[in-house]
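Report on the structure
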Amino acid sequence: MPESTLKSYDFQISYGPADDRLNGFYIPALSCSVRYDRSAGYFSSTALAVAAAGVAHLLRNGGTMRLLVGAVLSEADVAAVQKGHALAEVVKDRLLPLLDNPEEMARRRLEVLAWLVAEGRLEIRVVLPCENGKPLSAAQSRDYYHPKEGIFTDRGGERIAFSGSVNESAQGWEKNYEQFAVYKSWDASAPYLEQVRHRFESLWNGTEADWIVLPIPEAVRRKLIRFRP
């Protein structure tokens, strides 16, 4: 098991299907970190549950997590916004059913995220495609929020980032034919890490063109917290 800093662990420059990506990269990186920033694709109980896998290591370090998730709006959702309904309310109505009746394994992991949210150690924001400042429906836009990147930060401020094809799922980390590059703040790959970090921060702060970013609606937050053990 690695020591308490990212720099002390011998991470590879890339990982592929022949590597133990879960135990050779993901869990060691979380074990060294006090913050994890992750783009997780779709909002769903399953997506949130797999995002929680391994987070116990981050918790042990007193760490925090920021999570960007996507949402797909229907034509009716967009029409409601255009008629004056608050976008946050439309997103809430779209997301709430996705937390209904998670399977037992997902529920166990949702408990971790629910506790993090309740304790103020996990912040979630929702990313939507837009045009001229207005949200687009899935049918209107060929774009979709599905980056596969993450950033780990340790107590000393050192970072590593990954970027590639791996999804935030047990299947993605352990079994699928996935590959991703790893960038480190202390070597020649640092400029690539900064690009990953800049993309995340731009979306998080709502400054990325053609994308709207919202705090997770309060009703969704409350429903998620219900899973807290």
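Residues numbered from 1 in each chain as written. Predicted model: local features only at pLDDT ≥ 70, side-chain atom pairs only at ≥ 80, totals over all residues. Heavy atoms only, no water.

So, about the overall build of the protein. In terms of regular secondary structure, the protein is built from 9 helices and 9 strands. A total of 229 residues make up the protein; the buried ones form 52% of that total. In the protein, the share of contacts with a sequence separation of at least 24, taken over all contacts with a separation of at least 6, comes to 76%. Of the accessible surface of the protein, which amounts to about 11200 Å², a share of 47% is contributed by carbon and sulfur atoms. (Helix = DSSP H or I, 4+ residues; strand = E, 2+ residues; numbered from the N terminus. Buried < 20%, exposed > 50% of the residue type's maximum accessible area, 1.4 Å probe, protein only. Contact = heavy atoms within 4.5 Å. Areas by Shrake-Rupley, 256 points an atom, 1.4 Å probe, with all protein chains shown as cover.)

For the rest of this paragraph, the subject is the packing of aromatic side chains. Tallying each qualifying case throughout the model produces 14 aromatic pairs. With centroids separated by 5.4 Å and ring planes inclined at 20°, the aromatic side chains of Tyr15 and Phe180 adopt a geometry described as stacked. A residue pair is termed long-range when its members are at least 10 positions apart, and Tyr15 in strand S1 (residues 14-15) and Phe180 in strand S8 (residues 180-184) qualify at 165 residues. Tyr15 gets classed as buried once you look at its relative accessible area, which sits at 4%. On the basis of relative accessible area, Phe180 is assigned to the buried category, the value being 3%. Taking the ring centre of Trp204 as reference, the NZ or CZ of Arg66 above it sits at 5.2 Å. (Phe/Tyr/Trp six-rings, centres within 6.5 Å; stacked < 30°, edge-to-face > 60°. Lys NZ or Arg CZ within 6 Å of the ring centre and 35° of its normal.)

A separate point is the pattern of salt bridges. A full pass over the atoms with the stated rule returns 7 salt bridges. The salt bridge partner of Asp37 is Arg66, with a shortest N-O separation of 2.9 Å. Of this pair, Asp37 sits in strand S2 (residues 35-42) while Arg66 sits in strand S3 (residues 64-70); the two residues are 29 residues apart in sequence, bridging distant segments of the chain. A residue is classified by how much of its surface remains accessible, and Asp37, at 1% relative accessible area, is buried. (Salt bridge = Lys/Arg side-chain N within 4 Å of Asp/Glu carboxyl O.)

Moving on to the nonpolar core. Ranked by internal contacts, the top residues of the largest apolar core, which has 40 residues, are Phe25, Tyr26, Tyr36, Leu122, Ile124 and Phe152. Examining the composition of this core, we find that 7 residues originate from one element, helix H1 (residues 21-32), more than from any other. Among the nonpolar cores identified, the runner-up in size contains 12 residues, and Ile151, Ala161, Leu193 and Val196 belong to it. (Core = buried A, V, L, I, M, F, W, Y, C linked by side-chain atoms within 4.5 Å.)

Bringing the pairing of strand S6 (residues 149-153) into the picture now. The element S6 is extensively covered by neighbouring structure, given that 5 of its 5 residues are classed as buried. Neither face of S6 is open: one carries Glu149, Ile151 and Thr153, the other Gly150 and Phe152, and all of them are buried. When S6 meets strand S7 (residues 159-164), the two strands line up antiparallel, connected through 5 bridges. Within S7, the position partnered with Gly150 by the bridge is Phe162. (Pairing = 2+ DSSP bridges.)

Taking burial as the measure, the 5 residues of strand S9 (residues 211-215) include 4 buried ones, the bulk of the element. In terms of strand pairing, strand S4 (residues 122-131) meets S9 through 5 bridges, oriented antiparallel. Bridge pairing in S9 places Arg125 opposite Pro215.

Distance from Asp37 to Arg66, taken between C-alpha atoms, is 4.8 Å for residues 29 residues apart in sequence. Leave out the neighbours within four places in its chain, and Asp37 touches Arg66, Glu149, Gly150, Ile151, Phe200 and Glu201. Separated by 2.9 Å, the side chains of Asp37 and Arg66 make a polar contact. (Polar contact = N/O pair within 3.5 Å; in protein donor to acceptor, adjacent residues only side chain to side chain.)

In this model, the protein carries a mean pLDDT of 78, and residues with pLDDT of at least 70 account for 69%. Taking the mean pLDDT of every element in the protein, the minimum, 48, falls on helix H7 (residues 170-174) and the maximum, 95, on helix H8 (residues 190-204). (pLDDT = per-residue confidence, 0-100.)

The subject of this paragraph is the environment of Tyr183. Looking at where Tyr183 falls in the secondary structure, it is placed in strand S8. The buried category is assigned to Tyr183, whose relative accessible area is 18%. In the structure, Tyr183 is positioned 13 residues away from Val196 in sequence and 9.1 Å away in space, judged by C-alpha atoms. If we ignore the near neighbours within four places in the chain, the residues touching Tyr183 are Arg159, Ile160, Ala161, Ser163, Ser189, Tyr192, Leu193 and Val196.

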